Amino acid sequence: MIVLGIESSCDETSASIVRDYKILSNITISQEIHSNFGGVVPEIASREHQKNIIHVVNKAIKDASIVINDIDGIAVTYGAGLKGALLVGLNFAKGMSIALNIPFIGINHLEGHLFSNIIQNLKTRFPFIALIVSGGHTQIWKVNSIGNYILLANTVDDAAGEAFDKGARLLGLSYPGGPEIERVSKMGNINYIQFPRPKVRESKYNFSFSGLKTSLMYYLNGIKKNDISKNMKDIAASYQEAIIDTLLNRLELLTKDEKIYDISIAGGVAANKRFREKSEELSKKNNLNIYFPDFDLCTDNAGMIAMAGYQKIKDGHSSNLTLEVKPNLSL
Ligand code: KG4
Ligand code: ZN
């Protein structure tokens, strides 16, 4: 069975073709225009999706060496995300489903992130612990089986990706901030500043990142502009380390308490190499199996949506044309 996946929930327009758990193509256009504004501008995102969607779909079909009539079903993100952005993908999928007379299925974006690792690494390893760590979410789930998810931890304010993005902005780096902070942190001294590893009083598992960003702001306000650029790599490395330590601390606590030693880490921040390196250290220390998706499946992409859709269509599920976008959808 061949499934076309479409993803347009934020600032990536993406299309992918999968055949029986294998990704044949995964084409993404990242809307770089937003870097001029320091963050995603919703109206611009919708307009860019409209401009790009036909191109990514055509290229995904071409690169998979199939023709449009080979497609058996369509999977599309219908939430969570920006309303206008989601509408572009969902309406496109509905139109194609009518024109080709094939089923389509709405996919939860977060479930897509889970699938980026399920298919590749964890198909037969239920239950496992999943950390989804992106620009919009920082959550830890217990995955009992496909469709059976229990929330174990959440952020009470900013997501970890947001902490990277806001920190980068304070440092004068461009959007998205995660890759920028990672880039300038190379060779930086992680112990240059002791940023806090914030805890949440109500739950030892939950995350809070807004205080960390504030402490970076206070630190930067207290030093000369010249010293910021001179010590950029050390400041960025110390800040990055605080985010990563916080993420891994909660994972360590939860794997011990839940007695589950298979772990999936997915979402944009999972592309961070220092994060992967420190996860490796933790897995050695505590005898864990930590899985990361391939790099191109970490940040938003249609491959993960197509894989989730393939599984669901194969299991007999589909959506009908009354399906609406759900900007606040949770898993
Ligand atoms: O999953 P994603 O593409 O979109 C959301 O669903 O939010 O994640 C985007 C987030 C951004 O906050 C970005 O700064 C962060 O992931 N990110 C990274 C890296 N690459 C992307 N954070 C740290 N290091 C990276 N290499
Ligand atoms: Zn995402």
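Computed from a predicted structure; not experimentally measured.

### A closer look at the domain arrangement of the chain
- The domain architecture assigned to the chain consists of domain 1 (2–114 + 298–314) and domain 2 (126–292).
- Centre-to-centre, using C-alpha coordinates, domain 1 lies 27 Å away from domain 2.
- Each partner contributes residues to the interface: domain 1 has 14 residues there, and domain 2 has 16 residues.
- When domain 1 packs against domain 2, close to 1,300 Å² is buried across both sides, 72% of that on carbon and sulfur atoms.
- Among the residues of domain 1 in contact with domain 2, Leu110, Leu114 and Cys298 are the three that bury the most area, contributing 45% of the side total.
- Where domain 1 meets domain 2, there are 0 salt bridges.
- Remark: the boundary between domain 1 and domain 2 carries 2 residue pairs in polar contact (both at pLDDT 80 or more).
- Here the side of domain 1 that touches domain 2 gets 4 residues from one element, more than from any other, and that element is helix α3 (residues 109–122).
- Looking at side-chain class alone, the side of domain 1 that touches domain 2 contains 6 nonpolar, 6 polar and 2 charged residues.

### Some remarks on the sheet that holds strand β3 (residues 22–30)
- Overall, mixed pairing links the 5 strands, which are arranged β3-β2-β1-β4-β5 in an open sheet. The open sheet terminates on both sides in strands that have one partner only, identified here as β3 and β5 (104–108). The sheet shows a mean angle of 20° between the axes of neighbouring strands, direction not considered.
- Relative to β3, strand β2 (residues 12–19) is paired through 8 bridges, and the arrangement is antiparallel. The residue of β3 that forms the bridge with arginine 19 is lysine 22.
- The strands touched by helix α1 (residues 42–63) within the sheet are β1 (2–7), β2 and β3, with β2 carrying the most contacts at an inclination of about 25°.

### Details of the pattern of salt bridges
- For the coordinates displayed, the defined rule picks out 18 salt bridges.
- Of the charged contacts, one joins glutamate 48 and lysine 51 as a salt bridge, the two residues approaching to 3.1 Å between their closest N and O atoms. Of this pair, glutamate 48 and lysine 51 both sit in helix α1, 3 residues apart, roughly one helical turn.
- With its nearest N and O atoms 3.2 Å apart, the salt bridge here joins aspartate 158 to lysine 166.
- With relative accessibility at 7%, the residue aspartate 158 sits in the buried group.

### As for the environment of lysine 314
- Tracing the sequence through the fold places lysine 314 in helix α10 (residues 302–314).
- According to the relative accessible area criterion, lysine 314 is partly exposed, its value standing at 43%.
- The sequence separation of lysine 314 and aspartate 20 amounts to 294 residues, and the corresponding C-alpha distance is 9.3 Å.
- Apart from the residues lying within four places of it in its own chain, the contact partners of lysine 314 are Met1 and Tyr21.

### Focus on the coordination of the zinc ion (ligand 2)
- Distances from the zinc ion (ligand 2) to its protein donors, His109 (NE2), His113 (NE2) and Asp300 (OD), fall at 2.0 to 2.1 Å.
- Every donor counted, the 4 donor atoms about the zinc ion (ligand 2) form angles of 94 to 141° at the centre, which fits irregular coordination.
- Each donor residue of the zinc ion (ligand 2) belongs to the same chain, with the gaps between them written as H-x3-H-x186-D. Taken together, the residues span a long stretch of sequence, with histidine 109 in helix α3 and aspartate 300 in the loop between β10 (289–291) and α10 at a distance of 191 residues. Each of the two residues, histidine 109 as well as aspartate 300, counts as buried.

### Describing the site of ligand 1
- Inspection of the region around ligand 1 gives 20 residues, with Gly135, Asp165, Gly178, Glu182 and Asp300 positioned closest.
- Contacts to ligand 1 include glycine 161, whose backbone N or O atom sits 3.1 Å from an oxygen atom.
- One nitrogen or oxygen atom from the main chain of glycine 268 is found 3.1 Å from an oxygen atom belonging to ligand 1.
- More than half of the atoms of ligand 1 fall within 2 Å of the grid points belonging to the largest pocket.
- Of all the secondary structure elements, the ones that give two or more residues to the shell around ligand 1 are α3, α4 (160–170) and α5 (177–185).
- Looking at the shell around ligand 1 element by element, the count peaks at 4 residues for α5.
- Its residues assigned to classes, the shell around ligand 1 comprises 6 nonpolar, 11 polar and 3 charged.
- Counting the residues that make up the shell around ligand 1, at least three belong to each of domain 1 (2–114 + 298–314) and domain 2 (126–292).

Reading the values: rules and limits
Residues numbered from 1 in each chain as written. Chains lettered and ligands numbered in written order. Predicted model: local features only at pLDDT ≥ 70, side-chain atom pairs only at ≥ 80, totals over all residues. Heavy atoms only, no water. Domains from an automatic or database assignment. Contact = heavy atoms within 4.5 Å. Buried area = accessible area lost by both parts, 1.4 Å probe. Salt bridge = Lys/Arg side-chain N within 4 Å of Asp/Glu carboxyl O. Polar contact = N/O pair within 3.5 Å; in protein donor to acceptor, adjacent residues only side chain to side chain. Helix = DSSP H or I, 4+ residues; strand = E, 2+ residues; numbered from the N terminus. Nonpolar A, V, L, I, M, F, W, Y, C, P; charged D, E, K, R; others polar. Pairing = 2+ DSSP bridges. Axes fitted to C-alpha atoms, helices over the stretch in contact; angles between N-to-C directions. Buried < 20%, exposed > 50% of the residue type's maximum accessible area, 1.4 Å probe, protein only. Donors = N, O, S within 2.8 Å, 3.2 Å for Na, K, Ca; no water. Tetrahedral: all angles 85-135°; square planar, octahedral: opposite > 155°, others 65-115°. Near = heavy atom within 4 Å. 1 Å grid on protein atoms, 1.4 Å probe; cavity = no way out; pocket = protein on both sides within 12 Å on 5 of 7 lines; lining within 4 Å. Sits in = over half its atoms within 2 Å of the grid points.

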